[in-house]
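# Results of the structural survey
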Amino acid sequence: MMPADYSARLLVWPKLIQASQMFHLRPFNSQHCQVPVTNGRAALTPEFRDYITFVEDLFACWLAGPRPGGELWVCPELGMSHGYHVSTDPHAWPDAVRARTELLRAWKRALGRSR
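Residues numbered from 1 in each chain as written. Predicted model: local features only at pLDDT ≥ 70, side-chain atom pairs only at ≥ 80, totals over all residues. Heavy atoms only, no water.

### Observations regarding helix α3 (residues 46-63)
Definition in use: We count a stretch as a helix when DSSP gives it H or I for four or more residues in a row; a strand needs E for two or more, and each element gets its number in order from the N terminus. Here the expected length of a helix is defined as 1.5 Å per residue gap, with one fewer gap than residues. Categorising residues by exposure relies on relative accessible area from a 1.4 Å probe, with only protein chains included: less than 20% of the type maximum marks a residue as buried, more than 50% marks it as exposed, and the intermediate range marks it as partly exposed.
When the terminal C-alpha atoms of α3 are compared, their 26 Å separation across 18 residues agrees well with the 26 Å that a helix rising 1.5 Å per residue should span. The buried fraction of α3 amounts to 13 of the 18 residues, a majority that puts the element mostly inside the structure.

In structure tokens, the structure reads:
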């Protein structure tokens with residue numbers, strides 16, 4: 001699976017996605033279950049940039065549905081305080097804080113697409 005395929009492959013059951021009220025969003029790619037958000041020096045990693053495009057599509061899919069309860073809870077989920085040594089070695093907490101910021105930006109872009 002390549003980044004261009006993420007949305008096409010992972011959003012194939014929109015009704016299930018649209019019935020959800022909570023997403024745990026752990027940055028991933030097809031080779032790793034978690035990728036770093038930043039390079040440890042504040043810049044987003046290429047892996048996370050690919051992932052956040054998928055997240056925006058996920059949010060747009062949810063927004064196109066019935067929006068159960070009128071709210072969606074999202075948890076940026078990063079584990080392992082020492083990282084997975086994919087392309088950098090940032091600490092998980094600052095990356096989780098940055099992921100939250102980027103998830104909010106993706107949400108706002110998805111909202112713009114839904115109008």
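### Side note on the confidence of the model for the chain
Defined as follows: Confidence of the predictor in every single residue is expressed as pLDDT, which spans 0 to 100.
Summing up the model confidence of the chain, the mean pLDDT is 88 and the portion of residues at 70 or higher is 90%. Here helix α1 (residues 6-10) stands out as the element of the chain with the lowest mean pLDDT, 90, in contrast to helix α2 (residues 14-18), whose mean of 96 is the highest.

### Overview of the side chain of T38
Condition: The term polar contact refers here to a pair of N or O atoms within 3.5 Å; inside protein, the definition further demands a hydrogen-donor-capable atom paired with an acceptor-capable atom, and it admits residues adjacent in sequence only when both atoms are side-chain atoms.
In this fold, T38 is placed in the loop between β1 (22-25) and α3. Only 3.2 Å separates the side chain of T38 from the backbone nitrogen of G40, close enough to count as a polar contact.

### Remarks on the environment of Y6
Take Y6: it is sitting in helix α1. Note on Y6: relative accessible area 2%, which makes it buried. Spatially, the C-alpha atom of Y6 lies 10.0 Å from that of L58, the residues being 52 residues apart in sequence.

### A look at the packing of aromatic side chains
Note the threshold: Stacked, tilted and edge-to-face are the three classes assigned to paired rings of Phe, Tyr and Trp, where Trp is represented by its six-membered ring and a pair needs centres within 6.5 Å; plane angles under 30 degrees give stacked, over 60 edge-to-face, the rest tilted.
Tallied over the full model, the rule gives seven aromatic pairs. Ring geometry for Y51 against F54: centres 6.3 Å apart, planes inclined by 50 degrees, an arrangement best described as tilted. In this pair, Y51 and F54 are both assigned in helix α3, three residues apart and thus about one turn of the helix distant. Comparing Y51 with F54 shows no difference in burial state: the two are buried. Look at F59 and W107: their rings are 5.3 Å apart centre to centre, the planes differ by 80 degrees, and that puts the pair in the edge-to-face class. With F59 in helix α3 and W107 in helix α4 (residues 92-114), this residue pair connects regions lying 48 residues apart in the sequence.

### Structural notes on a nonpolar patch on the surface
Operational definition: Exposure above 30% relative accessible area and the lack of any salt bridge qualify a residue for a patch; like charges then connect within 9 Å, and the nonpolar side chains Val, Leu, Ile, Met, Phe, Trp and Tyr within 5 Å. Accessible surface is estimated by sampling points in the Shrake-Rupley manner with a 1.4 Å probe; for residues, cover comes only from the protein chains shown. Counted as salt bridges are all cases of a side-chain nitrogen of Lys or Arg within 4 Å of a carboxyl oxygen of Asp or Glu.
On the surface, a cluster of nonpolar side chains totalling about 360 Å² of accessible area is made up of V12, W13 and L16. Its place among the elements puts V12 in the loop between α1 and α2.

### Regarding α4
Convention followed: When checking whether two residues touch, look at their non-hydrogen atoms; a contact exists if any pair is within 4.5 Å.
Over its 23 residues, α4 extends 32 Å from the first C-alpha to the last, a length consistent with the 33 Å expected when each residue adds 1.5 Å. Burial in α4 covers these residues: A92, D95, A96, A99, E102, L103, A106 and A110. Packing partners of the buried residues in α4 comprise β1, α3 and β2 (73-76).

### Details of the environment of T53
Along the chain, T53 falls in helix α3. Residue classification places T53 among the partly exposed positions, given a relative accessible area of 48%. C-alpha separation for the pair T53 and V74, spaced 21 residues apart in sequence, amounts to 16 Å.

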